[in-house]
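# Examining the three-dimensional arrangement
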There are 4 protein chains.
Amino acid sequence: MVTHMGLVGLGKMGDNMRERLRRAGIGVTGYDPRPEVSDVGSLAELVEALPGPRRVVWVMVPAGEPTREVVSALAGLLDEGDVVIEGGNSHYPDDQERAAELAERGVGYVDVGVSGGVWGLENGYGLMCGGSDADVAFLMPVFDALRPEGPREEGFVHAGPVGAGHFAKMVHNGIEYGLMQAYAEGYEMLAAKDIVTDVHGTMRAWQRGTVVRSWLLELMVRALEDDPRFDAIDDWVADSGEGRWTVDEAIDNAVPLPVISAALFARFSSRQEESPAMKAVAALRQQFGGHATKPSAE
Amino acid sequence: MVTHMGLVGLGKMGDNMRERLRRAGIGVTGYDPRPEVSDVGSLAELVEALPGPRRVVWVMVPAGEPTREVVSALAGLLDEGDVVIEGGNSHYPDDQERAAELAERGVGYVDVGVSGGVWGLENGYGLMCGGSDADVAFLMPVFDALRPEGPREEGFVHAGPVGAGHFAKMVHNGIEYGLMQAYAEGYEMLAAKDIVTDVHGTMRAWQRGTVVRSWLLELMVRALEDDPRFDAIDDWVADSGEGRWTVDEAIDNAVPLPVISAALFARFSSRQEESPAMKAVAALRQQFGGHATKPSAE
Amino acid sequence: MVTHMGLVGLGKMGDNMRERLRRAGIGVTGYDPRPEVSDVGSLAELVEALPGPRRVVWVMVPAGEPTREVVSALAGLLDEGDVVIEGGNSHYPDDQERAAELAERGVGYVDVGVSGGVWGLENGYGLMCGGSDADVAFLMPVFDALRPEGPREEGFVHAGPVGAGHFAKMVHNGIEYGLMQAYAEGYEMLAAKDIVTDVHGTMRAWQRGTVVRSWLLELMVRALEDDPRFDAIDDWVADSGEGRWTVDEAIDNAVPLPVISAALFARFSSRQEESPAMKAVAALRQQFGGHATKPSAE
Amino acid sequence: MVTHMGLVGLGKMGDNMRERLRRAGIGVTGYDPRPEVSDVGSLAELVEALPGPRRVVWVMVPAGEPTREVVSALAGLLDEGDVVIEGGNSHYPDDQERAAELAERGVGYVDVGVSGGVWGLENGYGLMCGGSDADVAFLMPVFDALRPEGPREEGFVHAGPVGAGHFAKMVHNGIEYGLMQAYAEGYEMLAAKDIVTDVHGTMRAWQRGTVVRSWLLELMVRALEDDPRFDAIDDWVADSGEGRWTVDEAIDNAVPLPVISAALFARFSSRQEESPAMKAVAALRQQFGGHATKPSAE
């Protein structure tokens with residue numbers, strides 16, 4: 001029974017998760033390099049603060065190198081029977097590598113995709129996990145504390161072996177890219193014509209009864225409430241790894257992903273000051289037809 | 001105050017709407033060419049059965065020619081002050097034409113986009129309407145009876161003048177195409193790899209707490225419940241007008257719609273026995289490289 | 001035998017065509033509202049200057065209203081047996097309308113799609129025409145004068161009845177959109193990485209022996225010669241009707257056009273100062289994750 | 001001065017290249033595991049047959065493991081000053097690895113992208129190479145023998161350091177995917193309507209004077225000549241690595257590639273018996289609207 005656990009990484013997500021776990025009665029010792037939010041001074045102190053047997057450490061730091069470093073450090077501090085939970089947005093092959101590294105010392109590894117953003121503290125987090133049946137069963141109190149109210153199977157899944165949690169989360173995020181772009185294109189269509197005189201009101205009215213109702217739609221309505229033409233916001237959109245991995249994975253498996261890839265490319269385009277490709281098209285048109293081009297504004 | 005109204009077209013949608021209106025205490029005389037579902041024997045009988053002043057007839061027949069015919073027939077039966085509601089999936093320029101035709105006789109016209117499918121009877125219908133303030137205000141009891149429970153503005157909008165309701169519904173359906181394709185691509189990704197051992201369970205777990213939760217996701221989970229690999233269903237997908245109009249409209253307004261158009265084209269492809277384009281690509285590859293092609297199965 | 005003909009519209013294309021026809025020994029009386037380039041003072045003078053029987057007038061003015069006006073005016077000036085050739089980029093249903101209008105007076109109509117741009121004067125023009133066998137046969141000397149050297153069937157086609165010429169030209173231009181975008185994306189890929197140290201030289205080397213060699217590639221190489229990173233050119237790209245019609249037509253016929261539509265949408269995007277859709281995506285990300293957005297630069 | 005060289009891999013490409021080199025006066029000893037086409041019995045015999053100093057071996061075997069094995073074997077047989085040319089379709093990071101392996105023994109490495117297919121024997125091959133200036137200069141007689149007639153810079157480029165040749169070839173092939181799909185979509189549009197009565201003749205007429213003229217168009221015309229509706233060919237299209245790598249590389253560099261990715265996905269779709277994604281869309285439509293679906297044909 002897990003009654004006290006460690007949590008490494010107290011950013012926006014980690015901090016909220018510590019709070020939600022504590023509210024559920026699970027003790028949490030948190031570590032973060034920033035002393036003002038950290039409960040202990042080092043990873044080693046964190047591990048010492050945990051009760052045995054079967055110590056549990058949840059890692060919630062940026063994917064890639066930062067996660068790799070924390071897991072490696074934990075490998076040197078933990079013992080047989082302990083378990084590491086990787087809750088960041090790791091690429092699933094990295095999970096398989098890290099699980100193998102920890103397995104050499106008898107330390108378990110469970111990867112968890114966590115969805116819900118800043119709303120998770122109050123609403124709970126959607127959780128997809130990958131790992132052994134035994135490890136997942138042991139950690140269920142932790143997952144039950146974090147997941148949303150309601151039937152467990154509607155906010156939590158043991159999706160498969162190590163890596164399956166982050167694979168599922170990767171696909172989840174790929175879908176998210178497509179959904180967001182679909183709503184965004186619809187918004188632009190409504191805003192492009194004068195006939196719909198109340199764009200915000202129209203999307204607000206889609207929240208009940210319609211086929212397109214969703215949580216993302218509700219967020220869109222909230223965003224339009226304060227700024228009904230998005231005047232205060234730039235059209236620059238970041239992307240964070242999972243969308244790219246989803247398309248990479250699709251290519252490896254010969255799966256056509258026209259919508260998710262289009263959503264990803266729209267983000268790439270949004271960040272270009274100028275499009276080299278469209279300069280090339282303009283140059284071509286000029287060559288064959290003497291078509292007017294605009295001189296570069298640079 | 002509308003206490004009794006006419007309803008033309010008692011198909012899947014119209015029949016349910018008649019029932020929901022009656023449950024809300026609004027009398028409905030329904031007409032349909034199929035006598036077994038119709039309350040009266042003709043359009044003329046329907047109009048005679050309605051109390052004045054300001055008779056109300058809701059038209060709920062297939063878009064295009066059928067709707068045009070019913071509205072023209074009503075133009076000959078109704079008088080000044082009466083109102084026709086076009087609740088089918090008309091193309092918005094058709095609304096503007098029909099409204100002008102009725103206006104010549106002093107008959108009002110309100111177009112309403114109705115979303116909700118077979119679930120509307122119990123959940124209520126999302127409604128987007130276009131028309132004059134006076135006509136819409138007069139019809140509010142009807143709309144309140146049909147729309148979902150909860151705040152009116154979350155399930156109903158007066159989107160603008162005549163045509164705005166169906167324009168909003170057209171965009172709504174365009175978004176719907178994109179959303180469905182995004183979930184579908186995600187489903188295919190999950191199903192393409194062995195790592196996620198429970199595809200149905202994974203999508204089921206997205207229903208609470210996650211960013212991708214929505215009503216469409218809930219329907220996907222229901223569909224997977226009975227047939228977790230969609231073995232019993234063909235990959236042939238119809239399209240019904242609004243998706244095409246959305247892309248046409250985007251082109252007229254120079255709005256880029258990569259996701260919605262990709263979703264539309266995926267449906268076109270799904271209905272082709274063979275792709276002429278891909279035969280051409282295969283032929284080209286054979287020409288330049290002597291690449292193997294498969295002889296046609298025809 | 002056509003030895004002398006009229007030509008209405010002496011812009012970049014019309015002026016060059018008059019010159020090429022004259023070089024081939026066909027007399028041309030040209031009319032244009034700009035007196036400095038026109039041979040006559042009015043359409044009526046142009047028609048008077050033509051020898052009968054079977055006068056021939058080639059119309060080469062912008063598609064849409066300008067073409068409609070000229071053809072209508074010619075309808076009042078020409079007689080039975082005369083022929084109008086519409087050589088602009090008319091939408092093919094307009095050809096069918098105009099041909100019917102002229103047929104009432106016994107005047108023939110042939111639509112011709114003309115490709116080749118400013119290079120046509122020297123290289124000849126690729127011609128696709130639609131009309132009756134008799135009219136096309138009568139006009140062959142004109143087409144032979146304009147088309148490129150070499151076998152007739154490699155630069156000229158009688159594609160079908162009235163409208164077929166512009167339908168073929170529309171599809172030709174749709175393909176052109178896709179080809180240009182493909183080269184442009186490839187250019188951007190080469191320019192995005194340091195590994196290829198000579199982008200211009202690389203594309204120049206594709207002109208002989210490779211699978212991608214083409215006239216458009218040669219134009220790209222010319223464009224890169226003077227401006228190897230397109231520093232002097234803006235990424236703003238116009239579109240001129242045929243691309244839009246191609247996608248509209250595809251939608252009417254349920255033909256999937258992922259590449260040509262993507263090329264069209266890329267042009268739409270290139271002309272947007274800001275993308276409303278991407279503002280919406282940025283707003284959504286901010287709502288659910290507190291993700292950083294850039295304040296609008298407006 | 002290279003007067004005699006080795007060539008490993010005598011498939012369709014290698015066999016033709018041996019012939020073209022010999023016609024140009026360069027001696028070639030070819031090795032292939034199939035004795036009926038091989039000049040020698042083993043790689044070791046091939047190396048022994050080459051004159052020093054600076055022996056040259058061109059490797060022309062399938063990318064990936066086969067190429068890796070041949071280059072490793074050559075590493076053990078060659079000496080300081082010798083050069084290996086990798087002419088297959090290797091992924092460019094593999095070139096960098098193999099060059100480093102050979103450099104340990106003082107053996108040079110040049111990667112060459114070769115375009116032209118079965119037509120290269122007569123037309124010459126478009127060549128893009130990566131390597132040191134010294135190695136490339138030494139090998140110029142070989143490249144001059146293989147490249148097409150005409151100015152060297154129109155059929156050959158030294159694109160950059162090791163890897164640049166295959167990077168350029170990868171992008172070349174990505175463009176090729178886009179070009180082929182553009183022509184194929186255009187073909188489908190022509191074939192979809194009755195108005196163009198001669199599809200083959202129309203595309204044939206695009207070969208001179210038009211903006212879309214190209215070698216690929218000529219191949220399309222050839223293909224249509226024998227089979228004007230592609231009745232004898234299946235719509236199943238393979239893909240061979242470079243298209244996938246191009247999109248992967250674009251994702252790594254945040255370059256939007258809507259056209260090339262759409263062309264790649266069209267190939268993936270062409271090989272699916274059934275689309276899992278479109279089954280999912282059909283299932284969704286059935287859930288919300290009771291829309292008809294087709295029972296699976298399986």
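What counts as what
- Residues numbered from 1 in each chain as written.
- Chains lettered and ligands numbered in written order.
- Predicted model: local features only at pLDDT ≥ 70, side-chain atom pairs only at ≥ 80, totals over all residues.
- Heavy atoms only, no water.
- Helix = DSSP H or I, 4+ residues; strand = E, 2+ residues; numbered from the N terminus.
- Buried < 20%, exposed > 50% of the residue type's maximum accessible area, 1.4 Å probe, protein only.
- Contact = heavy atoms within 4.5 Å.
- Areas by Shrake-Rupley, 256 points an atom, 1.4 Å probe, with all protein chains shown as cover.
- Lys, Arg positive; Asp, Glu negative; His and termini not counted.
- Charge placed at Lys NZ, Arg CZ, Asp CG, Glu CD.
- Domains from an automatic or database assignment.
- Buried area = accessible area lost by both parts, 1.4 Å probe.
- Salt bridge = Lys/Arg side-chain N within 4 Å of Asp/Glu carboxyl O.
- Polar contact = N/O pair within 3.5 Å; in protein donor to acceptor, adjacent residues only side chain to side chain.
- Nonpolar A, V, L, I, M, F, W, Y, C, P; charged D, E, K, R; others polar.
- Least-squares fit on C-alpha atoms with pLDDT ≥ 70 in both.
- Axes fitted to C-alpha atoms, helices over the stretch in contact; angles between N-to-C directions.
- Parallel < 35°, antiparallel > 145°, perpendicular 65-115°, else oblique.
- Left-handed = near helix turned anticlockwise from the far one by under 90°.
- Pairing = 2+ DSSP bridges.
- Right-handed = clockwise from strand over helix to strand, strands pointing away.
- Phe/Tyr/Trp six-rings, centres within 6.5 Å; stacked < 30°, edge-to-face > 60°.
- Lys NZ or Arg CZ within 6 Å of the ring centre and 35° of its normal.
- pLDDT = per-residue confidence, 0-100.

In the nomenclature of an unreviewed UniProt entry, chain A is known as Decarboxylating 6-phosphogluconate dehydrogenase of Isoptericola haloaureus.

## A word on the overall build of chain A
Of regular secondary structure, chain A possesses twelve helices and seven strands. Considering chain A as a whole, with its 298 residues, one finds that 65% of them fall into the buried category. Considering only intrachain contacts with a sequence separation of at least 6, the fraction spanning at least 24 residues in chain A is 64%. Working note: accessible area of chain A is about 10000 Å², and carbon and sulfur atoms make up 48% of it. Considering chain A, the positive charge centre built from 26 side chains and the negative charge centre built from 46 side chains are found 5 Å apart.

## Concerning the environment of A:Ile233
Tracing the chain through its elements places A:Ile233 in the loop between helix 9 (215-226) and helix 10 (242-252). For the pair A:Ile233 and A:Phe156, spaced 77 residues apart in sequence, the C-alpha separation works out to 34 Å.

## Side note on the domain arrangement of chain A
Residues and elements named next belong to chain A. According to the domain assignment, chain A contains domain 1 (4-161) and domain 2 (169-289). Every contact between the two is made by ten residues of domain 1 and, on the other side, eight residues of domain 2. In total, domain 1 and domain 2 occlude about 870 Å² of area from one another, counting both sides; carbon and sulfur atoms represent 62% of this. Considering only the side of domain 1, the residues that lose the most area to domain 2 are Asn89, His91 and Trp119, jointly responsible for 54% of the buried surface there. Linking domain 1 to domain 2 there are zero salt bridges. Seen at the junction of domain 1 and domain 2, the total is four residue pairs in polar contact (both at pLDDT 80 or more). Considering only residue class, the side of domain 1 that touches domain 2 consists of four nonpolar, six polar and no charged.

## A short note on the relation of the copies chain A and chain B
Between the two chain copies there is a screw-like relation: a rotation about an axis and a shift along it. The two copies are related by a screw operation: chain A maps onto chain B through 180° of rotation and 0.0 Å of translation along the axis, at an RMSD of 0.0 Å. Taken together, the turn and the small shift mark the pair as related by a two-fold rotation axis. It is A:Ser214 whose C-alpha, among those of chain A, lies nearest the rotation axis, at 1.9 Å. A symmetric contact is evident, with 100% of the interface residues of chain A recurring at the interface of chain B.

## Details of the packing of helix 12 (residues 276-289) of chain B against helix 7 (residues 164-192) of chain D
Two quantities define a packed helix pair, namely the angle between the axes and the distance from one axis to the other. It is at 8 Å that the axes of helix 12 of chain B and helix 7 of chain D come closest, and there the two elements cross at 130°. By the angle class used here, helix 12 of chain B and helix 7 of chain D are oblique. When you trace helix 12 of chain B past helix 7 of chain D, the crossing you get is right-handed. Residue-level contacts link B:Pro276, B:Ala277, B:Met278, B:Ala280, B:Val281, B:Leu284, B:Arg285 and B:Phe288 of helix 12 of chain B to D:Glu176, D:Met180, D:Gln181, D:Ala184, D:Glu185, D:Tyr187 and D:Glu188 of helix 7 of chain D.

## Brief notes about the relation of the copies chain A and chain C
Structural alignment of chain A on chain C gives an RMSD of 0.0 Å, achieved by rotating through 180° and translating 0.0 Å along the axis. Both copies present the same face, since 100% of the interface residues in chain A are matched by interface residues at the equivalent positions in chain C.

## Comments concerning the interface of chain A and chain C
Facing 55 residues of chain A, the contacting portion of chain C comprises 56 residues. The interface formed by chain A and chain C contains zero salt bridges. Broken down by secondary-structure element, the contributors of at least two residues to the side of chain A that touches chain C are helix 7 (164-192), helix 9, helix 11 (258-270) and helix 12 (276-289) of chain A. If one sorts the elements of the side of chain A that touches chain C by residue count, helix 12 of chain A sits on top with 14 residues. Class assignment of the residues belonging to the side of chain A that touches chain C gives a composition of 28 nonpolar, twelve polar and 15 charged.

## Examining the sheet that holds strand 5 (residues 108-115) of chain B
All names here are of chain B. Overall, mixed pairing links the seven strands, which are arranged 2-1-3-4-5-6-7 in an open sheet. The sheet is open, and its two edges are formed by strand 2 (27-31) and strand 7 (156-160), each paired on a single side. Along the sheet, successive strands turn relative to each other by an average axial angle of 25°, direction set aside. Against the sheet, helix 4 (residues 92-103) touches strand 4 (83-86) and strand 5, its axis set at about 150° to strand 5. Together, strand 1 (4-8), strand 3 (56-59), strand 4, strand 5, strand 6 (126-130) and strand 7 form the strand contacts of helix 6 (residues 133-146), whose direction differs from that of strand 5 by roughly 35°.

## So, the environment of D:Pro276
Considering the arrangement of structural elements, one finds D:Pro276 in helix 12 (residues 276-289). The residues contacting D:Pro276, other than those within four sequence positions of it, are B:Tyr187 and B:Glu188.

## Some thoughts on the pairing of strand 3 (residues 56-59) of chain C
The alternating pattern of strand 3 of chain C places C:Val56 and C:Trp58 and C:Val57 and C:Val59 on opposite faces, both of which are buried. Handedness of the strand 3 of chain C-helix 3 (residues 65-77) of chain C-strand 4 (residues 83-86) of chain C crossover: right-handed.

## Some remarks on the packing of aromatic side chains
For the structure on display, the rule yields 24 aromatic pairs over all chains. Their ring planes at 50° and their centres at 6.0 Å tell us that A:Phe265 and A:Phe268 sit as a pair that is tilted. Residue A:Phe265 and its partner A:Phe268 are both found in helix 11; the two are separated by three residues, about one turn of the helix. Looking at A:Phe268, the relative accessible area reads 1%, which means it is buried. Ring geometry for C:Tyr92 and C:Phe167: centres 5.1 Å apart, planes at 80°, overall edge-to-face. Residue C:Tyr92 is located in helix 4 (residues 92-103), and its partner C:Phe167 is located in helix 7 (residues 164-192); the two are separated by 75 residues in the primary sequence. C:Phe167 carries the same exposure label as C:Tyr92, and that label is buried. The aromatic ring of B:Trp215 is capped on one face by A:Arg213, whose charged end is 4.3 Å from the ring centroid. Above the ring of D:Tyr177, the side-chain terminus of D:Arg267 is found at 3.7 Å from the ring centroid.

## Side note on the confidence of the model for chain A
With 97% of its residues at a pLDDT of 70 or more, chain A has an overall mean of 95. Interface predicted TM-score (ipTM) for the complex: 0.95; the corresponding pTM is 0.96.

## Examining the pairing of strand 4 of chain C
Residues and elements named next belong to chain C. The alternating pattern of strand 4 places Val83 and Ile85 and Val84 and Glu86 on opposite faces, both of which are buried. Sheet analysis places strand 3 next to strand 4, joined by four bridges and oriented parallel. Counterpart to tryptophan 58 in the pairing with strand 4 is isoleucine 85. Taken together, strand 4, helix 4 and strand 5 (residues 108-115) form a β-α-β motif whose crossover is right-handed.

## Here we look at helix 10 of chain A
For helix 10 of chain A, the buried fraction is high: ten of the eleven residues fall into the buried class. Where helix 10 of chain A is concerned, the buried positions are A:Glu242, A:Gly243, A:Arg244, A:Trp245, A:Thr246, A:Val247, A:Asp248, A:Glu249, A:Ala250 and A:Ile251.

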